[in-house]
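Architecture and fold: a report
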Amino acid sequence: MSLKFLLLFLKELIQYLKYTCPAHLYATSISPPAAEQIVSSIKVILGEDGSSRGADLYFSCAQKLARIRENSNFFRSELQKMGFEVLGDNDSPVMPIMLYNPAKIPAFSRECLKQNVAVVTVAFPATPLLLARARICISASHTREDLVKALEVISRVGDLVGIKYFPAEPKKQHQEERIKLE
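Residues numbered from 1 in each chain as written. Predicted model: local features only at pLDDT ≥ 70, side-chain atom pairs only at ≥ 80, totals over all residues. Heavy atoms only, no water.

1. Regarding the nonpolar core
- Formed by 26 residues in total, the largest nonpolar core has its most connected members in Phe75, Leu79, Phe84, Phe108, Ile136 and Ile154.
- Of all elements in the fold, only helix 4 (61-82), strand 1 (94-100), helix 5 (104-114), strand 3 (132-137) and helix 6 (144-161) reach the threshold of two or more residues within this core.
- Ranked by residue count, the leading element in this core is helix 6, at seven residues. (Core = buried A, V, L, I, M, F, W, Y, C linked by side-chain atoms within 4.5 Å. Buried < 20%, exposed > 50% of the residue type's maximum accessible area, 1.4 Å probe, protein only. Helix = DSSP H or I, 4+ residues; strand = E, 2+ residues; numbered from the N terminus.)

This is the structure in structure tokens:
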């Protein structure tokens, strides 16, 4: 009889916790396989898994992480100098460029693709109606030449579509010439 009472009590306790636990009410917990996948990924990135899967022929794991950070910060700062509104954190390889106007989404995406630069656009219902954006993703395998080419294309398309919402910084070469003339 006591075992039956204990099981009934545990069942009621579990139900009570399900209905009152803030973590259960306001969030979804991550599944154990997903948690293990995250832990394994971090071990691979840090090189703690005993393999060289995080590295490749050219770069170690630490070099790849440093290169992603360098590439991302360079790309972000250049976009901002050109007059684009770029969201996100420094060091992040994912850079949302604000498009705002829904009519500019397909034009920006198609024009970039015509010039061999792939961008992902995000719009309503994934964002509020007037907060559309293009998402740029940088990797460690991008060379400086790749980034400069992409910046040139995005700048031309940004001028064409009209999504440079801030004044661009003057180019250094023009600044140096002005100083010499004065």
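Resuming the write-up.
2. Observations concerning the packing of aromatic side chains
- Under the counting rule described, the total for this entry stands at one aromatic pair.
- Aromatic side chains tyrosine 100 and tyrosine 165 sit 5.2 Å apart centroid to centroid with 75° between the ring planes, which places their arrangement in the edge-to-face category. Of this pair, tyrosine 100 sits in strand 1 while tyrosine 165 sits in the loop between helix 6 and helix 7 (172-181), and the two are 65 residues apart along the sequence.
- The ring of phenylalanine 74 has arginine 144 sitting right over it, with the charged end atom 3.9 Å from the ring centre. (Phe/Tyr/Trp six-rings, centres within 6.5 Å; stacked < 30°, edge-to-face > 60°. Lys NZ or Arg CZ within 6 Å of the ring centre and 35° of its normal.)

3. Details of unusual backbone geometry
- In the segment running from phenylalanine 124 into proline 125, the intervening peptide bond is cis, with an omega of 10°.
- Along the polypeptide, proline 125 turns up in the loop between strand 2 (120-122) and strand 3.
- Phi is positive for aspartate 91, close to 75°, though the residue is something other than glycine.
- Taking the relative accessible area as the measure of exposure, aspartate 91 reaches 38% and is therefore partly exposed.

4. So, the packing of helix 4 against helix 6
- The contact between helix 4 and helix 6 brings their axes to 11 Å, and the two run at 25°. Taken together, helix 4 and helix 6 sit at an angle that is classed as roughly parallel. With respect to the hand of their crossing, helix 4 and helix 6 are arranged in right-handed fashion. Contact residues: Asn71, Phe74, Phe75, Glu78, Leu79 and Met82 in helix 4; Arg144, Leu147, Val148, Ala150, Leu151, Ile154 and Ser155 in helix 6.
- Tallied by class, the residues present in the contact of helix 4 with helix 6 amount to nine nonpolar, two polar and two charged. (Axes fitted to C-alpha atoms, helices over the stretch in contact; angles between N-to-C directions. Parallel < 35°, antiparallel > 145°, perpendicular 65-115°, else oblique. Left-handed = near helix turned anticlockwise from the far one by under 90°. Contact = heavy atoms within 4.5 Å. Nonpolar A, V, L, I, M, F, W, Y, C, P; charged D, E, K, R; others polar.)

5. With respect to the pattern of salt bridges
- The full count for this structure, using the stated rule, is three salt bridges.
- With its nearest N and O atoms 3.2 Å apart, the salt bridge here joins lysine 114 to glutamate 111. In this pair, lysine 114 and glutamate 111 both sit in helix 5, three residues apart, roughly one turn of the helix.
- By relative accessible area, which is 61% here, lysine 114 ends up exposed. (Salt bridge = Lys/Arg side-chain N within 4 Å of Asp/Glu carboxyl O.)

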